[in-house]
Amino acid sequence: MNDSMIMDEKLIIRVEDLLAGPRPVPIVFAGDPVLRRPAADYQGQLPAPLLAELLAAMRETMRDAPGVGLAAPQIGLGLRIAVIEDDADLPEEVTTALDRQPLPYQVIINPAYEPLDDDQDEHYEGCLSVPGYRAGRARHHRVRLSYLDDQLVAREQEFSGWSARIVQHETDHLNGMLYLDRADLRSLSFTGS
C-alpha cells in the first residue's frame, strides 16, 4: 500500500479541525449529503498519527452515543473507514434471540462484504444518524468481510448473526446507504431517544 499512498492536504486540515473541536465528535444526521455519497477509498490520505487520532475519536463517539458502529461519513468525512464494537451486555434471552455475541473493538477500512449463503434475518435496527427510530431490516445472517485493519493490513473475517448485521450496516454507510433504504417502513417506530 505504501507506493499508492497519497496525502491530501485539504483532508488533513479538515480532520485536524474536526479533532480540535468538541469531543465526542458531533454525529451528522439523515439529510446531510455526506451520508448519501459513496465514500472514497482510504489510500493513505492522512499521516499515521492523525489516522490513529481520528480512529480514537470515532471510537469515543461511538461509545458515547452509545452505538455498536460508526462510519466516517457519520462524522462528516467521506472516507471508507468505520469502527465497530458490541459488548452484547443484554439479557440472555435477547442475545439468544438476536444471535448476538460480544464483538471486540475493530477498525474496518475499505470494507466489502459478500454473503456466505442465502439465509437472512429480519430484526429491528436503528442508526445513530437517524436518532429515535427503529425499523425491521432483513440482512444476511453470515458474511465474509474483506477490509484493512488499523495498521492497514489486509484482512478477511467471517461474521454471523448480529455481528454480521453490524458490519453490513456500517459498510452500507460507506456506500451512501441508510438502513431505512431497505427497511420494512411499515415497521418504522419512534423510540423517543
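Quick caveat, the model's predicted, so the values are computed rather than measured.

Conventions we followed
Residues numbered from 1 in each chain as written. Predicted model: local features only at pLDDT ≥ 70, side-chain atom pairs only at ≥ 80, totals over all residues. Heavy atoms only, no water. Core = buried A, V, L, I, M, F, W, Y, C linked by side-chain atoms within 4.5 Å. Buried < 20%, exposed > 50% of the residue type's maximum accessible area, 1.4 Å probe, protein only. Helix = DSSP H or I, 4+ residues; strand = E, 2+ residues; numbered from the N terminus. Contact = heavy atoms within 4.5 Å. Pairing = 2+ DSSP bridges. Axes fitted to C-alpha atoms, helices over the stretch in contact; angles between N-to-C directions. Parallel < 35°, antiparallel > 145°, perpendicular 65-115°, else oblique. Left-handed = near helix turned anticlockwise from the far one by under 90°. Nonpolar A, V, L, I, M, F, W, Y, C, P; charged D, E, K, R; others polar.

Draft legend 1. Main features of the nonpolar core. With 27 residues, the main nonpolar core has Leu-46 and Ile-81 as its most contacted residues. The element that contributes the greatest number of residues to this core is helix α2 (residues 48-64), accounting for 7 residues. Apart from residues no more than four positions distant in its own chain, Leu-46 is found in contact with Met-7, Leu-11, Ile-12, Val-15, Leu-51, Leu-54 and Leu-79. Residues Ala-39, Leu-103, Val-167 and Leu-174 belong to the second largest nonpolar core, which totals 16 residues.

Draft legend 2. Representation of the pairing of strand β2 (residues 81-86) within the structure. For β2, the buried fraction is high: 6 of the 6 residues fall into the buried class. Neither face of β2 is left uncovered, since the one carrying Ile-81, Val-83 and Glu-85 and the one carrying Ala-82, Ile-84 and Asp-86 both have all their residues buried. When strand β1 (residues 69-71) meets β2, the two strands line up antiparallel, connected through 3 bridges. Opposite Leu-70, over in β2, you have Val-83 as the bridge partner.

Draft legend 3. Molecular detail of the sheet that holds strand β7 (residues 154-160). Ordered by their spatial adjacency, 5 strands build an open sheet running β1-β2-β3-β6-β7, and the pairing between neighbours is antiparallel. With partners counted over all chains shown, the strands left at the sheet margins are β1 and β7, one partner each. Neighbour-to-neighbour, the strand axes of the sheet open up by a mean angle of 40°, direction not taken into account. Pairing geometry for strand β3 (residues 103-115) and strand β6 (residues 142-148), over 5 bridges, is antiparallel. Its bridge partner being in β6, Ala-112 is matched across the sheet by Ser-146. α2 rests against β1, β2 and β3 of the sheet, and its axis sits at about 45° to β2.

Draft legend 4. The arrangement of the packing of helix α1 (residues 9-20) against α2 in detail. Packing of α1 against α2 brings their axes to within 11 Å, and their N-to-C directions diverge by 40°. In terms of their interaxial angle, α1 and α2 are classed as oblique. Remark: the crossing between α1 and α2 carries left-handed chirality. Facing Ile-12, Val-15, Glu-16 and Leu-19 of α1, the residues of α2 in contact are Leu-50, Glu-53, Leu-54 and Ala-57. Split into classes, the residues belonging to the contact of α1 with α2 amount to 6 nonpolar, no polar and 2 charged.

Coordinates in, geometry out; function isn't part of it.
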